[in-house]
Amino acid sequence: MPAEKLYAARLTARELCLVEPLTVGFHAVARGRVTADDTVAVFGCGGVGLGAVAASNARGATTICIDVDDDKLELARLAGGAYSINTSREPLHERLQEITKGRGPDVVIEAIGTRVTFQAAVEEVAFTGRVVYIGYAKEPVTYETRMFVQKELDILGSRNAQPEDFQAVIGLLEARKFPVQRAVSVVVSLEEAPSALRSWSENPSTFKKILVALDETQ
């Protein structure tokens with residue numbers, strides 16, 4: 001491994017397992033050029049979305065967390081979200097308009113990867129806003145192209161992370177400014193891992209992070 005790819009960290013195994021997914025969200029916030037003057041909406045509060053929430057909060061932005069799971073939304077608020085919207089029972093457009101006083105979010109970060117959320121990102125973002133896509137839609141997505149032109153949007157893709165993202169996340173975790181205990185759904189032994197992964201595969205929305213511990217110190 002090249003030395004420049006290694007990052008020193010004073011973290012537990014539980015904290016270390018969160019570094020990589022959080023950096024993906026941090027990188028998306030950097031791609032979106034988020035500042036303290038922005039209101040940022042994050043679609044999806046899984047591991048990557050939580051990174052976007054934490055990074056947005058670290059930059060001083062007002063962050064709106066969007067998901068269909070109350071537990072994930074509560075965790076996102078602990079990670080730095082100022083507002084939360086559960087779209088399984090709340091109208092997304094009306095709530096965003098209420099929170100942003102009719103303007104819409106300056107930045108929308110999509111961390112789910114569905115046709116509906118891909119379209120909602122460009123529909124809900126403010127004029128001259130930035131949309132950052134992290135998720136992959138598994139089906140073709142069609143748009144009203146006037147959204148891009150009339151709203152003068154910046155559309156950005158985001159994947160992976162840069163060294164500065166790793167350093168920022170490690171610093172956040174070392175400062176104990178992230179709800180690590182809540183972000184790991186379950187800790188299992190190697191023998192229990194197949195069952196835990198099967199449960200995750202059957203119902204992924206109920207899990208955040210599964211940590212497989214090889215000893216008793218986790």
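It should be noted that the structure appears before, not after, this text.
Residues numbered from 1 in each chain as written. Predicted model: local features only at pLDDT ≥ 70, side-chain atom pairs only at ≥ 80, totals over all residues. Heavy atoms only, no water.

Visitor: Describe the pattern of salt bridges, with residues and values.
Guide: By the definition in use, this model includes 11 salt bridges. The partner of Glu 90 in a salt bridge is Arg 95, with the nearest N and O atoms 3.0 Å apart. Judged by relative accessible area, which is 23%, Glu 90 ranks as partly exposed. A relative accessible area of 17% means that Arg 95 is categorised as buried. Ionic contacts of the salt-bridge type, sharing partners, join the residues Asp 71, Glu 74, Arg 182 and Lys 208 into one network. (Salt bridge = Lys/Arg side-chain N within 4 Å of Asp/Glu carboxyl O. Buried < 20%, exposed > 50% of the residue type's maximum accessible area, 1.4 Å probe, protein only.)

Visitor: Kindly report on the pairing of strand E2 (residues 62–67), identifying the contributing residues and their values.
Guide: In terms of burial, E2 is largely enclosed, as 5 of its 6 residues are buried. Bridge count between strand E1 (residues 39–43) and E2: 5 bridges; the pairing is parallel. When the bridges of E2 are listed, Val 40 appears paired with Thr 63. The pairing of E2 with strand E3 (residues 83–86) spans 4 bridges and is classified as parallel. (Helix = DSSP H or I, 4+ residues; strand = E, 2+ residues; numbered from the N terminus. Pairing = 2+ DSSP bridges.)

Visitor: Which residues make up the sheet that holds strand E6 (residues 154–157), and what values do they have?
Guide: Strands sit in the order E3-E2-E1-E4-E5-E6 across an open sheet of 6 strands; the sheet is parallel. In this open sheet, the two edge strands, each paired with only one partner strand, are E3 and E6. Ignoring which end each strand starts from, the neighbouring axes of this sheet average 15° apart. When strand E5 (residues 130–133) meets E6, the two strands line up parallel, connected through 4 bridges. Within the sheet, the bridge partner assigned to Val 131 lies in E6 and is Ile 155. (Axes fitted to C-alpha atoms, helices over the stretch in contact; angles between N-to-C directions.)

Visitor: Please give an account of the environment of Ile 64 that cites residues and values.
Guide: Topologically, Ile 64 is positioned in strand E2. Residue classification places Ile 64 among the buried residues on the basis of a relative accessible area of 0%. With 43 residues separating them along the chain, Ile 64 and Pro 21 place their C-alpha atoms 19 Å apart. Non-local contacts of Ile 64, meaning those with residues more than four positions away in its chain, are made with Thr 39, Val 40, Ala 41, Val 42, Tyr 83, Ile 85, Leu 96, Ile 99 and Thr 100. (Contact = heavy atoms within 4.5 Å.)

Visitor: Lay out the packing of helix H1 (residues 13–31) against helix H2 (residues 47–58) with the relevant residues and their values.
Guide: Geometry of a packed helix pair, given as the angle between the helix axes and the separation of the axes. Put simply, H1 and H2 touch, their axes get as near as 6 Å, and they point 50° apart. Compared by their axis directions, H1 and H2 come out oblique. As H1 packs across H2, the resulting crossing turns out to be right-handed. Packed against H1, whose contacting residues are Pro 21, Leu 22, Val 24, Gly 25, Phe 26 and Val 29, the element H2 presents Gly 47, Val 48, Leu 50, Gly 51, Ala 52, Ala 54, Ala 55 and Ser 56 at the interface. (Parallel < 35°, antiparallel > 145°, perpendicular 65-115°, else oblique. Left-handed = near helix turned anticlockwise from the far one by under 90°.)

Visitor: Could you give an account of the side chain of Lys 72, with specific residues and numbers?
Guide: Within the element layout of this structure, Lys 72 appears in helix H3 (residues 70–78). For the buried Lys 72, which has no salt bridge, the nearest side chain bearing the opposite charge is Asp 67, at an N-O separation of 5.2 Å. (Lys, Arg positive; Asp, Glu negative; His and termini not counted.)

Visitor: Any details on the packing of aromatic side chains? Residues and values, ideally.
Guide: Applying the stated criterion across every chain, the model contains 3 aromatic pairs. Arranged with centres 4.9 Å apart and planes meeting at 0°, the rings of Tyr 7 and Phe 166 form a pair that is stacked. Here Phe 166 lies in helix H7 (residues 163–174) and Tyr 7 lies in the segment before H1, a separation of 159 residues in the sequence. We classify Tyr 7 as partly exposed; its relative accessible area is 27%. With a centroid separation of 4.1 Å and 10° between ring planes, the pair formed by Phe 118 and Tyr 133 is classed as stacked. Separated by 15 residues along the polypeptide, Phe 118 in helix H5 (residues 115–124) and Tyr 133 in strand E5 bring together distant segments of the chain. The burial state of Phe 118 is the same as that of Tyr 133; both residues are buried. (Phe/Tyr/Trp six-rings, centres within 6.5 Å; stacked < 30°, edge-to-face > 60°.)

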